[in-house]
Amino acid sequence: MGILEKATEYHLGLLKAKLARYRAELLEPTSKSGGAGTGFDVQKSGDARVALIGFPSVGKSTFLNKMTHTESEAAAYEFTTLTVSNPGVIEYSGARIQLLDLPGIVEGASQGRGRGRQVVAVAKTADLIIVMLDATKSLEQRRLLEIELDAVGIRLNKRKPDVVVKRKTTGGVCDAIFSFRHITVRHTDRSCDVACLLTHSLFLPVQAGTRKYIPCLYIYNKIDSISLEQVDKLAREDHTVVISCEMDLNLDYLLERVWEDLDLVKVYTKKRGDHPDLTDPICLRKGATIENVCHGIHRSLAANFRYGLGKSSKFAPHAQKVGLNHQVQDDDVVSIFTK
């Protein structure tokens, strides 16, 4: 009986692996046939990108106009936004944050309805997703949007599974089959070792390689049309901010939350003998190094790097000599010296 159970487990694992591969092919088709779309090829610019996603007529265009002073068509009827041709820019704490107003998603978008696949393809390039919701409508809208985004491989507010692939010259995995709790994966890479710490429900999405783990803020608009009790209930939900675009309620706090969730750090540069330039910081991801600072100034600077002087009022009163791998903190002042 035990042998039969193991054989069944093995074949179930193979079937699950095949299903994951076919699902990945549906999400990321290899064929490039078909004409080019209109208004969806938006060049990434600024220090970070934020994508606005929601059902039609929830106030995304009005929000874009309020936050960026960009003229995006807004009206009381649905589907006023059909492309992403006019992105806005939020300037906050010295950072330039690109804000995309994506066309309204309809139920079934993950299967291509209403140009849904083009919309979510842009959303996958975002550093933060804002899910815009109508506070006057049912809470079901949030669940439906999460289902549509999950179906196309976008994981909201979830940590990426802890998987490590260590490249080797020889002696790695060679046409081996691994079983992890009813999941069987065929691996044919001869030049790597694989280490992972996963539950069975997470392994197949990692193997498919099409998942994006993106932080998300849920924004309930039109709170001026509901009771204070309802506003209080919505505001207590995780990763949630309540606003009113029409009455400019809570927009400043929303900007603070966007900044926090983007997890950026500001680094100021200083020339020898001069005061630091506090008007034009370099904005980087948390965990960035002096090498990233060099790339932010000029691409050739890292190649000619000699040493750097880093100063942070939070940790050290005097500048310290640092190398390329030194991790910078928010509000650090850095001087770069070349060969």
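Residues numbered from 1 in each chain as written. Predicted model: local features only at pLDDT ≥ 70, side-chain atom pairs only at ≥ 80, totals over all residues. Heavy atoms only, no water.

(A) Quick look at the overall build of the protein. Counting its secondary structure elements, the protein contains eight helices and 17 strands. When the 339 residues of the protein are sorted by exposure, 40% land in the buried category. In the protein, 61% of the contacts between residues at least 6 apart in sequence involve partners at least 24 apart. Of the roughly 19700 Å² that the protein leaves accessible, carbon and sulfur atoms contribute 51%. (Helix = DSSP H or I, 4+ residues; strand = E, 2+ residues; numbered from the N terminus. Buried < 20%, exposed > 50% of the residue type's maximum accessible area, 1.4 Å probe, protein only. Contact = heavy atoms within 4.5 Å. Areas by Shrake-Rupley, 256 points an atom, 1.4 Å probe, with all protein chains shown as cover.)

(B) How the structure looks around the sheet that holds strand S12 (residues 240–242). Read across the sheet, six strands follow the order S2-S3-S1-S4-S11-S12 without closing on themselves; strand pairing throughout is mixed. Strands with a single pairing partner mark the edges of an open sheet, and in this sheet they are strand S2 (88–92) and S12. Neighbour-to-neighbour, the strand axes of the sheet open up by a mean angle of 25°, direction not taken into account. Looking at chain direction, strand S1 (residues 48–54) and strand S3 (residues 95–101) are connected through five bridges and run parallel. (Pairing = 2+ DSSP bridges. Axes fitted to C-alpha atoms, helices over the stretch in contact; angles between N-to-C directions.)

(C) How the structure looks around the pairing of strand S4 (residues 128–134). Burial within S4 is extensive, with seven of its seven residues counted as buried. The pairing of S1 with S4 spans five bridges and is classified as parallel. The residue of S4 that forms the bridge with Leu52 is Ile130.

(D) Looking closely at the packing of aromatic side chains. Summed over all chains, the structure comprises two aromatic pairs. Lying over the aromatic face of Tyr218, Arg142 brings its terminal NZ or CZ to 3.6 Å of the ring centre. One Lys or Arg, Lys321, reaches over the ring of Tyr307 and ends 4.5 Å from the middle of that ring. (Phe/Tyr/Trp six-rings, centres within 6.5 Å; stacked < 30°, edge-to-face > 60°. Lys NZ or Arg CZ within 6 Å of the ring centre and 35° of its normal.)

(E) The arrangement of the packing of helix H2 (residues 60–68) against helix H7 (residues 251–262) in detail. The interhelical angle for the contact between H2 and H7, taken along N-to-C directions, is 85°, at an axis separation of 12 Å. As judged from the angle between their axes, H2 and H7 are roughly perpendicular. Taking contact as the criterion, the partners of Phe63, Lys66 and Met67 in H2 are, on H7, Leu251, Leu254 and Leu255. Its residues placed into classes, the contact of H2 with H7 shows five nonpolar, no polar and one charged. (Parallel < 35°, antiparallel > 145°, perpendicular 65-115°, else oblique. Nonpolar A, V, L, I, M, F, W, Y, C, P; charged D, E, K, R; others polar.)

(F) Local environment of the pairing of strand S17 (residues 332–338). Within S17, five of the seven residues are buried, which leaves the element mostly enclosed by the surrounding structure. With three bridges connecting them, strand S13 (residues 264–269) and S17 associate as parallel partners. Residue pairing in the sheet places Val267 in a bridge with Asp332 of S17.

(G) Spotlight on the environment of Lys311. Residue position: Lys311 is located in strand S15 (residues 305–312). C-alpha of Lys311 to C-alpha of Val334: the two residues are 23 residues apart in sequence and 6.4 Å apart in space.

(H) Here's a closer look at the environment of Ser227. Within the fold, Ser227 resides in the loop between strand S11 (216–221) and helix H6 (228–235). On the basis of relative accessibility, which here comes to 30%, the residue Ser227 falls in the partly exposed class. It is 9.8 Å that separates the C-alpha atoms of Ser227 and Thr136, two residues lying 91 residues apart in sequence.

(I) Representation of the nonpolar core in the model. Ranked by size, the top nonpolar core spans 58 residues in total, and within it Phe63 and Ile129 carry the most contacts. Within the second largest apolar cluster, 14 residues are counted, among which are Val265, Val267, Leu284 and Cys294. (Core = buried A, V, L, I, M, F, W, Y, C linked by side-chain atoms within 4.5 Å.)

(J) Layout of the confidence of the model for the protein. Here the protein averages 76 in pLDDT, while 64% of its residues score no lower than 70. The low-confidence segment residues 29–39 (pLDDT under 50) makes six contacts with residues lying over four places distant or belonging to another chain. Low pLDDT, under 50, characterises residues 173–188; the predicted model gives this stretch 49 contacts beyond four residues in sequence or across chains. (pLDDT = per-residue confidence, 0-100.)

(K) Region of the structure containing the pattern of salt bridges. According to the stated counting rule, one finds twelve salt bridges in the structure shown. Across the pair Arg96 and Glu91 runs a salt bridge, and its minimum N-O distance is 2.8 Å. Taking the relative accessible area as the measure of exposure, Arg96 reaches 40% and is therefore partly exposed. A relative accessible area of 61% places Glu91 in the exposed class. We note a salt bridge from Lys266 to Asp330, for which the minimum N-O separation is 3.6 Å. Of the two residues, Lys266 sits in strand S13 while Asp330 sits in the loop between strand S16 (316–322) and S17, which places them 64 residues apart along the sequence. According to the relative accessible area criterion, Lys266 is buried, its value standing at 10%. One network of salt bridges, with partners in common, ties together Lys44, Asp127 and Arg285. (Salt bridge = Lys/Arg side-chain N within 4 Å of Asp/Glu carboxyl O.)

(L) Representation of H7 within the structure. Spanning twelve residues, H7 covers 17 Å between terminal C-alpha atoms, matching the ideal 16 Å at 1.5 Å per step. All buried positions along H7 are accounted for by Leu251, Leu254, Leu255, Arg257, Val258, Trp259 and Leu262. (Expected span 1.5 Å × (residues − 1).)

(M) The environment of Asp134, seen in detail. Of note, Asp134 is situated in strand S4. In sequence terms Asp134 and Ser57 are 77 residues apart; their C-alpha atoms lie 8.4 Å from each other. Non-local contacts of Asp134, meaning those with residues more than four positions away in its chain, are made with Ser57, Val58, Gln141, Asn221 and Lys222. In terms of polar contacts, Asp134 uses its side chain to reach the side chain of Thr136, at 2.6 Å. (Polar contact = N/O pair within 3.5 Å; in protein donor to acceptor, adjacent residues only side chain to side chain.)

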